[in-house]
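A structural walkthrough
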Amino acid sequence: FFDALGDVQSDSLLALIAMANADPRTDKIDVGVGVYRDGVGNTPILRAVKAAEKLLWEQQQTKSYIGGFGDKRYTELLRPIVLGRHAGDDRIIGLHTPGGCGALSLGFKLIATAHADAKVHVGTPTWPNHIPVVEAAGLNISEYRFYDKLETRIRFDEMISTFGSAPKGDVVLLHGCCHNPTGADLDEGQWREVVDVVSSRGLIPLVDIAYQGLGRGFAEDAAGLHLLLDACDEVVIAQSCDKNFGVYRDRVGSMFLKTATADGTKRAMDHVVQIAREMWSMPPDHGAAAVRIVLDTPELRSDWDAEVGEMRARINRIRGQIAASDPRLAYIGGQFGMFSMLPLSKEQVVKLREQHAIYMADSGRFNVIGMADHAVDRFIGAVIEAMNG
Ligand code: PMP
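Structural notes, computed from the coordinates. What you see is a predicted model; the values in this text were computed from it and never measured. (Residues numbered from 1 in each chain as written. Predicted model: local features only at pLDDT ≥ 70, side-chain atom pairs only at ≥ 80, totals over all residues.)

Attention now moves to the pairing of strand E10 (residues 253-258). A regular strand places its side chains on the two faces of the sheet in alternate fashion. Most of E10 is tucked away: six of the six residues are buried. Because side chains alternate across E10, one face comprises the buried residues Gly253, Met255 and Leu257, and the other comprises Ser254, Phe256 and Lys258, equally buried. Bridge analysis of strand E9 (residues 235-240) against E10 gives six bridges, and the strand direction is antiparallel. Directly across from Ala238, in E10, lies its bridge partner Met255. (Buried ≥ 20, exposed ≤ 12 C-beta atoms within 10 Å, placed from the backbone. Helix = DSSP H or I, 4+ residues; strand = E, 2+ residues; numbered from the N terminus. Pairing = 2+ DSSP bridges.)

Quick look at the structure:
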């Protein structure tokens, strides 16, 4: 019966992780996987999260079901962080999801429930899982070129002309900050132009914000999203706490929806809960409960703020170090978040793997903080050698 199944085209990033793990060279550098690493190459549990988990263990009285919306206090506490000046808008309602992936999936399924024939404009390259998630919702995808890897710049004209000719009701998928895989974020002027065209043409923005706080700061990283909320009546937000709380495996995220009226949003959220019920019934509690405790406990919250500040500083320090090493890498200093893309061919990437035990995606995407401090100079030397070769 199951012989009917063909081979899955495996996620090349997962294959890369397996390859790096199997490499016996002790000086290998794995900048393929997308997790934060500290100066010695570990992905630590944040102090504030560990303390919150301890409190949770001591104080939790029951593990009874929590309901379709998940932990409501958790989403309440996220509002000011994610929505900023829009936190008090009762036309925006949130729901706790299993990670950013769960939020994206819910958002696109809600769009498909409202309009099965909606088209989603996706700028490439994008996070590889975006495409299957949109397809799984049964929606049509139209790709446009967002970034020029060799010229190391956003193809902004192409983005604006794509949106400018899209019909009302088309959906645009936007990265809130720390673009994955390129690190190329829109600046304020570009956000304003995007917001103008999206709102004037009646397009529906779905904003994926998975790295808030790891670029410039919490408010700065959501500034584009807040401009969209100023101008648009209908916005879908897929948010993740997995990176900025370092709780990747605990699957902590949220989906927020804005429609033109509070009643309209309530009605739409009934559909969202119904869709979630079919997929996971209720979100996992533990990670969101730990995040809730951090945000609800002043000392833990300020410690978490400091820890996110440390992560951001490490990211931007290593960006600066790479940018200063060669004029061809200077663009990396003007990008944000954990990823950037090197202007390398697949052959050059393979050479880095074979000759230097440096593992990155075939596209040249690498995790800026994937390497320990002591490995940065070796990484830079090998990349410059590859660019020259
Ligand atoms: N969006 C983007 C752009 C991502 O990079 C990721 C994770 N790599 C996600 C969403 C999903 O995050 P989560 O692990 O919370 O599902």
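So, about the packing of helix H4 (residues 99-114) against helix H10 (residues 262-279). It is the contact of H4 with H10, at a shortest axis distance of 10 Å, that shows an interaxial angle of 120°. One finds that H4 runs oblique with respect to H10. With respect to the hand of their crossing, H4 and H10 are arranged in right-handed fashion. In contact with Ser105, Leu106, Lys109, Leu110 and Thr113 of H4, H10 contributes Ala268, His271, Val272, Ile275, Ala276 and Met279. Looking at side-chain class alone, the contact of H4 with H10 contains seven nonpolar, three polar and one charged residues. (Axes fitted to C-alpha atoms, helices over the stretch in contact; angles between N-to-C directions. Parallel < 35°, antiparallel > 145°, perpendicular 65-115°, else oblique. Left-handed = near helix turned anticlockwise from the far one by under 90°. Contact = placed C-beta atoms within 7 Å. Nonpolar A, V, L, I, M, F, W, Y, C, P; charged D, E, K, R; others polar.)

Below, the discussion takes up the environment of Val172. Inspection of the secondary structure puts Val172 in strand E7 (residues 171-175). Each C-alpha atom, one on Val172 and one on Gly123, is 8.8 Å from the other, the two residues being 49 residues apart in sequence. When neighbours within four sequence positions are excluded, Val172 is seen to be in contact with His121, Phe163, Val198, Leu203 and Pro205.

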